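# Geometric and topological summary
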Amino acid sequence: ELERPVPLADAPPASAMVYLDDFQEFQAAAQMLFATQPLRTRYLLKYRRCDEKVVLKVTNDRVCLKYRTQQLSDLKVIEAFSQAFARWTCSTNLATLDEPDVELAGAKEAAKPKGKAKKKGKAKY
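From a predicted model like this one, the values you see are computed outputs, not experimental measurements. (Residues numbered from 1 in each chain as written. Predicted model: local features only at pLDDT ≥ 70, side-chain atom pairs only at ≥ 80, totals over all residues. Heavy atoms only, no water.)

## Digging into the overall build of the protein chain
Tallying secondary structure elements over the protein chain gives three helices and four strands in all. Start at the N end of the protein chain and walk to the C end: the helices and strands fall as β-α-β-β-β-α-α. Here the analysis covers contacts within the protein chain between residues at least 6 apart in sequence; of these, 52% occur between residues at least 24 apart. As displayed, the protein chain has an accessible area near 10,500 Å², and 54% of this comes from carbon and sulfur atoms. (Helix = DSSP H or I, 4+ residues; strand = E, 2+ residues; numbered from the N terminus. Contact = heavy atoms within 4.5 Å. Areas by Shrake-Rupley, 256 points an atom, 1.4 Å probe, with all protein chains shown as cover.)

## Let's talk about helix 1 (residues 23-36)
Taking 1.5 Å as the rise per residue, helix 1 with 14 residues should run 20 Å; its terminal C-alpha atoms sit 20 Å apart, in good agreement. Along helix 1, the residues that are buried comprise Phe 23, Phe 26, Ala 29, Ala 30, Gln 31, Leu 33 and Phe 34. In this structure, the buried residues of helix 1 make contact with strand 3 (53-59), strand 4 (63-69) and helix 2 (75-90). (Expected span 1.5 Å × (residues − 1). Buried < 20%, exposed > 50% of the residue type's maximum accessible area, 1.4 Å probe, protein only.)

## Quick look at the side chain of Asp 74
Topologically, Asp 74 is positioned in the loop between strand 4 and helix 2. The side chain of Asp 74 is buried and forms no salt bridge, while Arg 68, the nearest opposite charge, is found at 11 Å. (Lys, Arg positive; Asp, Glu negative; His and termini not counted. Salt bridge = Lys/Arg side-chain N within 4 Å of Asp/Glu carboxyl O.)

## Some thoughts on the side chain of Lys 66
By secondary structure assignment, the location of Lys 66 is in strand 4. Although buried, Lys 66 forms no salt bridge, and the nearest oppositely charged side chain, Asp 51, lies 11 Å from it.

## Structural notes on the packing of aromatic side chains
What the rule picks out here adds up to twelve aromatic pairs. With 6.0 Å between their ring centres and 85° between their planes, Phe 23 and Phe 81 make a pair best called edge-to-face. Pair noted here: Phe 23 is in helix 1 and Phe 81 is in helix 2, with a separation of 58 residues, a long-range link. Of the residues examined, Phe 23 reaches a relative accessible area of 7% and is grouped as buried. Each ring, one from Phe 81 and one from Phe 85, has its centre 6.2 Å from the other, and the planes form 45°; the classification is tilted. You can see Phe 81 and its partner Phe 85 sitting in helix 2, four residues apart, about one turn around the helix. (Phe/Tyr/Trp six-rings, centres within 6.5 Å; stacked < 30°, edge-to-face > 60°.)

## Observations concerning unusual backbone geometry
In terms of backbone geometry, most residues other than glycine have negative phi values and most peptide bonds are trans. Of note, the phi angle at Glu 52 is positive, near 55°, even though the residue is not glycine. On the secondary structure map, Glu 52 appears in the loop between strand 2 (42-48) and strand 3. Taking relative accessible area as the criterion, Glu 52 reaches 55% and is therefore assigned exposed.

## Description of the nonpolar core
When a protein is soluble and globular, its nonpolar side chains tend to lie buried together. Of all hydrophobic cores here, the largest spans 18 residues; its most connected members are Phe 23, Phe 26, Leu 56, Val 58, Leu 65 and Phe 81. Elements represented by at least two residues in this core include exactly helix 1, strand 3, strand 4 and helix 2. The leading source of residues in this core is helix 1, at six residues. Sequence-distant contacts of Leu 65, defined by excluding residues within four places in its chain, comprise Val 18, Leu 20, Phe 26, Ala 29, Ala 30, Leu 33, Leu 56, Lys 57 and Val 58. (Core = buried A, V, L, I, M, F, W, Y, C linked by side-chain atoms within 4.5 Å.)

Okay, structure coming up:
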């Protein structure tokens, strides 16, 4: 009689779908999922106009992580996560996923509008 291997406690079920309530927890779980299988992990953002909800989904076909929100204030963190995920997919070193992107920070600084210089001269009345 063959013995079945004992599943690990940390291993997710064959097809687990998890809705996470905290965005920081979702981002950390998505990063960990990407680090384990970078070639199989993908990201989807869906806006449901009828419900006015945004649903984020990160999956590798075995584990599906989802986060949904109706808060307008979450748009900035969603945008930052989208940029981070795109950066992860282009990264060659998975050990540096946590580090901030220096090139992106420099590009943001360069794109900031400069203040207008005041003109000196006669005032028109």
